[in-house]
Amino acid sequence: MTGGFFSRRRACDRRSSITKVLCSALAVHATVLLLGGSKMGKQKAVSILVTLVLLVAAGAAFALWPKHYTVGQRISETAVFWNDREAFLFLSETTTGRAQNVFQEKLAATRYGYLAVFLGGYVDFTKAEVVAYHVVSSGQLDRFRLPEHTVAFGSWGLTEGRLQLKASPVATGTGFRWDGEKFVSLAAPPATNAQPKAAAAPNANLTEDDLENDDEADDSGPLPKAERKPFKDAGWHYKFLSGYVGQGSAATLPINLAGSTFNLTVESFPLKNTVARFDFMTIGTRSIRLASDKLAGGQQTLWNQSGWREVSKQDYQDLQRQYGRQFRTPLSSGVWLLLVAFLLLWRFGSWIHVLFTFATMKSRVLKKMPTSYSFPPATPAQFPMLDLDALDRYTRELEGMGFTRLLDFSLVSDSATNPPSFCRLFAHVRHHCFGELSQTFPKGKAPLPLKCCIQSCLQNGWSVSFANRKPLAAGSLLRRKKAIGVFMPDVPIPELLPAFLKMRDQICFELGISPVNDDTLQAYIDTMQRAIGEMREAVQEKNFVKGVPEVYLRKFSLMKTKPEYVWLGDYPKEAEQRRQGVNSFAVGAR
């Protein structure tokens, strides 16, 4: 997640849709418990004051420390089209920026670099653009920057024998077409085409046209089935290359133009670099080269990963204002939050008393947590506050990507405090994953937004899920060691699914496991019931001395939305142990 793999990494969390409901209820109950207790004594108040002063001082020093402003580029996808006369190469570039002080940089360079997202400054803006190359059989290579606000995601086709792209309805830009000399903008008409999915080849021998999926393909994707015959009849070939083609090595695609061969070589980073550091300049595409005897110099480097480069603070803020969230000074995002926390804690001092009774709090939380759920069918009409527009929009998008609707239901637990909720469940039989649309209606509060979650069960008790909502602060109490999750707030579903599939493939590769292929409603129910027991165990094992302050720190940190929030559990540790075991076996076999 995001473009590419994802363009960021963020405050960690993990939950399925049911987990969100539990987290919502748990947040309410934990807050009520924290508000109870007796008045503070004078000695305790002084201790709290000293602690908060030290926290404010540490936060101010961290927030005011000078930052380095850097930007980096990566390639999320390369689309190639060619016939006997000419070839077109479209490189989807994503530029991201981050502002970090020396402490954040040191942490990011370690194997625990993904923890740097807690300190902010990981990704502040994202700029997407498309660069096109035009090659003719004589060897002439021209570079074009597409018109402003155009995208390379949508439905490709031919008009009067010339290449064009109609932008996906969920895309934020317009399409384009080739007029024989340059690329011109093409307005996006109302359509139902879903965002394309990159087709990654597993080895270094790339073939044209992605023919292996033609019989199963439908009218979704970058080249709808209805458009493929006109392409082939006109002598066109095509290939869509993700940033992970070749899985850490170079893969070459031969392009034949009038008897001359042009070799397009895509080199990617090894997958082992993607887990711990979470540096998106060291994952995906490393370089793209084009070689031929017809080309001047024999080989041209079309793109090369140069990593992060430092820019001035003014240039960085200009880019952030244009492509990211509004720039805020460190004081407003750090020190003032600590000062507000101090005032709230001083005014409602009884909260502190509860923090000294963690054992009682844990027992109360466990007592109110559900032990099982039922899944009775439900209809949208039963929920007057349900966001029907979002429900219909997300349903169309999921079904357009191949998901099949299984059931509309409401979660009913054995806990009287569980809030009402509406869930719509989908399954994808080819990708072996579930899609969930859910909205929760806490009593006495505004409903949570209706959002989507895509999840999959893996072998050996592992699971992975992606959601386009913000995590809840109390979700940190429910984290499980084998439940990996990514929250990408407000990311469109057509971007959520490819990010999910890439992350899931990486996890399976690193851990030597596979997705569970049972896509039935009963399999989903069994998985959710098992997850409830695991969450109770997670709360039971949680050290509330650390866990409760973590909830409140997360509550403050979540006030500013980050591009992504990630919880990896024991995945990095397990992957490293397995990697060391394989290496030891290889050494012993020599």
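A. Representation of the packing of aromatic side chains within the structure. This model, assessed by the stated rule, comprises 27 aromatic pairs. With a centroid separation of 5.5 Å and 80° between ring planes, the pair formed by Phe144 and Trp178 is classed as edge-to-face. Remark: Trp178 occurs in strand S7 (residues 175–178) and Phe144 occurs in strand S4 (residues 141–145); sequence separation between them is 34 residues. For the pair shown, Phe144 and Trp178 are each scored as buried. Through a chain of ring-to-ring contacts, three or more aromatic side chains come together here, namely Phe81, Phe88, Phe90, Phe144, Trp156, Phe176, Trp178, Phe183, Phe231, Trp236, Tyr238 and Phe240. In this structure, Arg393 is placed above the aromatic ring of Tyr394, and the distance from its NZ or CZ to the ring centre is 5.0 Å.

B. Local environment of unusual backbone geometry. Positive phi, close to 55°, is recorded for Glu160, a residue that is not glycine. Inspection of the secondary structure assignment puts Glu160 in the loop between strand S5 (154–159) and strand S6 (162–167). Given the relative accessible area of 77%, Glu160 is considered exposed.

C. Here's a closer look at the sheet that holds strand S11 (residues 260–268). Read from one edge of the open sheet, four strands run S10-S11-S12-S13, paired in antiparallel fashion. The open sheet has two free edges, formed respectively by strand S10 (250–257) and strand S13 (299–304), since each of these has just one partner strand. Averaged over neighbouring strand pairs, the angle between their axes works out to 20° when direction is ignored. Pairing geometry for S11 and strand S12 (residues 285–291), over six bridges, is antiparallel.

D. Spatial organisation of helix H11 (residues 521–541). Its 21 residues give H11 an end-to-end C-alpha distance of 30 Å, which sits within 8% of 30 Å, the value for a rise of 1.5 Å per residue. Buried residues of H11: Ala523, Tyr524, Ile525, Thr527, Met528, Ala531, Ile532, Met535, Ala538 and Val539, and no others.

E. Main features of the pairing of strand S20 (residues 451–457). Of all seven residues in S20, seven are buried, a share of seventy percent or more. Going residue by residue along S20, you find Lys451, Cys453, Gln455 and Cys457 tucked away on one face and Cys452, Ile454 and Ser456 tucked away on the opposite face as well. Both strand S19 (residues 433–440) and S20 contribute to a ladder of five bridges, which runs antiparallel. From the neighbouring strand, Ser438 faces S20, where its bridge partner is Lys451. Note that S20 and strand S21 (residues 463–467) share five bridges and pair antiparallel. Along S21, the bridge assignment pairs Ser456 with Val464. What sits between the antiparallel neighbours S20 and S21 is a turn of five residues, in which Asn460 has the positive phi angle 60°.

F. Summary view of the pattern of salt bridges. Counted according to the given criterion, the structure contains 13 salt bridges. Between Asp490 and Lys451 there is a salt bridge, with the nearest N and O atoms lying 2.6 Å from each other. Here the residue Asp490 occupies a position in the loop between strand S22 (483–487) and helix H10 (493–511), and Lys451 occupies one in strand S20, the gap between them amounting to 39 residues. Owing to a relative accessible area of 57%, Asp490 belongs among the exposed residues under this scheme. When its relative accessible area of 13% is taken as the criterion, Lys451 is described as buried. Arg579 is the salt-bridge partner of Glu510, the closest N and O atoms lying 2.6 Å from each other. Of the two residues, Glu510 sits in helix H10 while Arg579 sits in helix H13 (residues 571–589), which places them 69 residues apart along the sequence. The class of Glu510 is buried, set by a relative accessible area of 6%. Judged by relative accessible area, which is 24%, Arg579 ranks as partly exposed.

G. Focus on the nonpolar core. Of all hydrophobic cores here, the largest spans 40 residues; its most connected members are Leu398, Leu437, Phe466, Leu497, Phe500, Ile507 and Tyr571. Going through the elements one at a time, helix H9 (388–400), strand S18 (421–428), S19, S20, S21, S22, H10 and H13 are the ones with two or more residues in this core. Ignoring any residue separated from it by four or fewer positions in sequence, one finds Leu398 in contact with Phe403, Phe426, Leu437, Cys452 and Ile493. Ile75, Val131, Tyr133 and Ile255 belong to the second-largest nonpolar core, a separate cluster that totals 24 residues.

Scoring rules and cut-offs
- Residues numbered from 1 in each chain as written.
- Predicted model: local features only at pLDDT ≥ 70, side-chain atom pairs only at ≥ 80, totals over all residues.
- Heavy atoms only, no water.
- Phe/Tyr/Trp six-rings, centres within 6.5 Å; stacked < 30°, edge-to-face > 60°.
- Helix = DSSP H or I, 4+ residues; strand = E, 2+ residues; numbered from the N terminus.
- Buried < 20%, exposed > 50% of the residue type's maximum accessible area, 1.4 Å probe, protein only.
- Lys NZ or Arg CZ within 6 Å of the ring centre and 35° of its normal.
- Pairing = 2+ DSSP bridges.
- Axes fitted to C-alpha atoms, helices over the stretch in contact; angles between N-to-C directions.
- Expected span 1.5 Å × (residues − 1).
- Salt bridge = Lys/Arg side-chain N within 4 Å of Asp/Glu carboxyl O.
- Core = buried A, V, L, I, M, F, W, Y, C linked by side-chain atoms within 4.5 Å.
- Contact = heavy atoms within 4.5 Å.

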